[in-house]
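# Report on the structure
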Amino acid sequence: MSVSSGSKNYFLDWFQQNGNFLDKKLTTKEWDQKASEHAVKKAVENNKKARAIYSYLDNKIILQHARLVDYILTEAFKKFQASDFENPSGFAQPKKASPEVVNFFKVRTKLEDFIRQNIFQHPSQATQLQAFQRWLTIAEMLRQQGCYEGVNVVVGVLIQSDIKLKLVAHLTDIYRNQFLELETLIAPLKAFQVLRKELAKGQKPYHDLPCILMLIRDLTGFSEVLGENQSEIGPKHSSFQQLAAKQKLIQGILNTQTRPLPWFPNALREVYEKIVGKKDNVVCNPAAVGEDEERPALKRERDVVDLLTSNTKGNPCFWQSVVPEEKPALGEGTVLTSSPAAF
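Now for a look at the structure at hand. (Residues numbered from 1 in each chain as written. Predicted model: local features only at pLDDT ≥ 70, side-chain atom pairs only at ≥ 80, totals over all residues. Heavy atoms only, no water.)

## Regarding the overall build of the protein chain
What counts is decided by this rule: A run of DSSP states H or I qualifies as a helix once it reaches four residues; a run of E qualifies as a strand once it reaches two. Both are numbered from the N-terminal end. Burial classes: relative accessible area under 20% of the type maximum marks a residue as buried, over 50% as exposed, and values in between as partly exposed (1.4 Å probe, protein chains only). To measure how exposed things are, a 1.4 Å probe is used in the Shrake-Rupley method; for residues, cover is taken only from the protein chains shown.
A count of helices and strands for the protein chain gives 14 helices and 0 strands. Its helices and strands in sequence order give the protein chain the pattern α-α-α-α-α-α-α-α-α-α-α-α-α-α, from N to C terminus. Within the span of the protein chain, comprising 343 residues, buried residues form 49% of the whole. Summed over all atoms, the accessible surface of the protein chain reaches about 17,300 Å², with 51% contributed by carbon and sulfur.

So, in structure tokens, the structure goes:
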């Protein structure tokens, strides 16, 4: 039976007839096309139950992709050797780059291509805008989790995409302001002044996954001042304090590398393999599910059945008379600024 787009229950009717949607991998292409429909937005706006299920689906996709970005970049970051930071020239000169540095930029470039394609795959501006807003929310979630390299990657792609697609002009004020805030955050102006101010408010100097460009800028500055014969600099040398500061910075980076890998979103394993390559095993770190002493980790999503099904009636809670409090749907004027409570 077809679903009438004029029905006030259009979105709920679609979901009831497409129950296998949650059993499939939540492809962003399919979801962006559905979520960008005017009939869906109207149905969600006027129906509390529809808002709840719309919000759940949207948040699930956002959370999975935030995890994916965090996992891929953290995995590549953890492979760096101390020598890569002691002599950072390999980050700027490919001929001097170690295999670990080469791998990092290869993975980073493929991740950028994936994000870009995820937006450009849509033919209509409305659907492109839906994808753009989703990635903007993913960037904000990464920011909340201290994954600043992830923020840099995602927002960098959004800036490049907007040059061609001109989507920012069509964002709501809330999303547009968020875009401008994140754009300012990652800007290298005045030696990343805005980002440094935000980091200074935290408990750790570079949080969980630092902005690599900022680190390399600092390390390169030290190397230029100290020169090539750093091993000859002793306590009485005029540059000893700079050497000590560089060594402290490197030790902080090495300490950050000990951070456990975040939880891996198995639903996006195929995407991971396209970016990183196939692996027999991917670490699904259970320690990342709970809260550690340093930060709240991205939480593992609950089973769909547990979330949508009532213990008493066996029907989705969205169709019962008592509906749990839900977040307003993304795209309806609200921007997600932290992990969804439902997860």
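## Points about the packing of helix H8 (residues 148-165) against helix H9 (residues 173-186)
Two quantities define a packed helix pair, namely the angle between the helix axes and the distance between the axes. For clarity, the threshold we go by: A fitted line through C-alpha atoms represents every axis, and for helices the fit uses only the stretch in contact; the resulting angles, taken between N-to-C directions, go from 0 to 180 degrees. Orientation labels follow simple angle bins: below 35 degrees gives roughly parallel, above 145 gives roughly antiparallel, 65 to 115 gives roughly perpendicular, and whatever is left gives oblique. Left-handed describes a crossing whose near helix is turned anticlockwise from the far helix through less than a right angle; right-handed describes the clockwise counterpart. By definition, residues are in contact when any of their heavy atoms lie within 4.5 Å. Gly is placed with the polar residues, together with every amino acid not listed as nonpolar (Ala, Val, Leu, Ile, Met, Phe, Trp, Tyr, Cys and Pro) or charged (Asp, Glu, Lys and Arg).
Direction vectors running N to C along H8 and H9 enclose 120°, while the axes themselves pass 10 Å from each other. Considered as vectors, H8 and H9 are oriented oblique to each other. In this structure, H8 crosses over H9, and the sense of that crossing is left-handed. Of the residues in H9, those in contact with Tyr-148, Val-151, Asn-152, Val-155, Gly-156, Leu-158 and Ile-159 of H8 are Phe-179, Leu-182, Glu-183, Leu-185 and Ile-186. For the contact of H8 with H9, the residue count by class is 9 nonpolar, 2 polar and 1 charged.

## Quick notes on the pattern of salt bridges
Heads up, the rule is: Definition used for salt bridges: Asp or Glu carboxyl oxygen within 4 Å of a side-chain nitrogen of Lys or Arg.
Under the counting rule described, the total for this entry stands at 13 salt bridges. The salt bridge involving Glu-149 is made with Arg-108; its shortest N-O contact spans 2.6 Å. Here Glu-149, found in helix H8, pairs with Arg-108, found in helix H6 (residues 99-120); they are 41 residues apart in sequence, far enough to count as distant. The same class applies to Glu-149 and to Arg-108, which are both buried. In this structure, the salt-bridge partner of Asp-218 is Arg-196, at a minimum N-O distance of 2.7 Å. Remark: Arg-196 occurs in helix H10 (residues 189-200) and Asp-218 occurs in helix H11 (residues 212-226); sequence separation between them is 22 residues.

## Describing helix H3 (residues 38-45)
To keep it simple, the criterion reads: When we speak of the arc, we mean the arc of directions from the helix axis to the C-beta atoms.
Every buried residue of H3 is listed here: Ala-39, Val-40, Ala-43 and Val-44. Viewed along the axis of H3, the buried residues span an arc of 130°, placing them on a single side of the element. When the buried face of H3 is taken as reference, the exposed residues oriented beyond 90 degrees from it are His-38, Lys-42 and Glu-45. The secondary structure elements touched by the buried residues of H3 are helix H1 (10-17), helix H2 (28-35) and helix H4 (48-77).

## Considering H10
Put simply, the rule reads: In this scheme, a helix's expected span is set at 1.5 Å multiplied by one less than its residue total.
A rise of 1.5 Å per residue sets the reference length of H10, with its 12 residues, at 16 Å; its end C-alpha atoms lie 17 Å apart and thus fit the reference within 8%. Tucked into the core, H10 has its buried residues touching helix H7 (125-144), H8, H9 and H11.

## Description of the packing of aromatic side chains
Heads up, the condition is: A pair of Phe, Tyr and Trp rings is counted when the ring centres sit within 6.5 Å of each other, with Trp represented by its six-membered ring. The angle between the planes then sorts it: under 30 degrees is stacked, over 60 is edge-to-face, the rest tilted.
Overall, the coordinates contain 16 aromatic pairs when judged by the stated rule. Centroid distance Phe-132 to Phe-179: 5.9 Å. Interplanar angle 45°. Geometry classified as tilted. Note that Phe-132 is positioned in helix H7 and Phe-179 in helix H9, a separation of 47 residues in sequence. Of the two residues examined, Phe-132 and Phe-179, each falls in the buried class. Here the aromatic residues Phe-77, Phe-80, Phe-85, Phe-91, Phe-104 and Phe-105 are joined through ring pairs into a cluster of three or more.

## Digging into the environment of Tyr-148
Position of Tyr-148 relative to the elements: it lies in helix H8. When its relative accessible area of 6% is taken as the criterion, Tyr-148 is described as buried. Spatially, the C-alpha atom of Tyr-148 lies 8.5 Å from that of Ile-186, the residues being 38 residues apart in sequence.

## Things to note about unusual backbone geometry
If you check the backbone angles, Lys-166 has positive phi at about 55° while not being a glycine. Secondary-structure assignment places Lys-166 in the loop between H8 and H9. A positive phi is found at Phe-192, a non-glycine position, where the angle reads about 60°. Here Phe-192 is to be found in helix H10. Residue Phe-192 is classed as buried on the basis of its relative accessible area of 2%.

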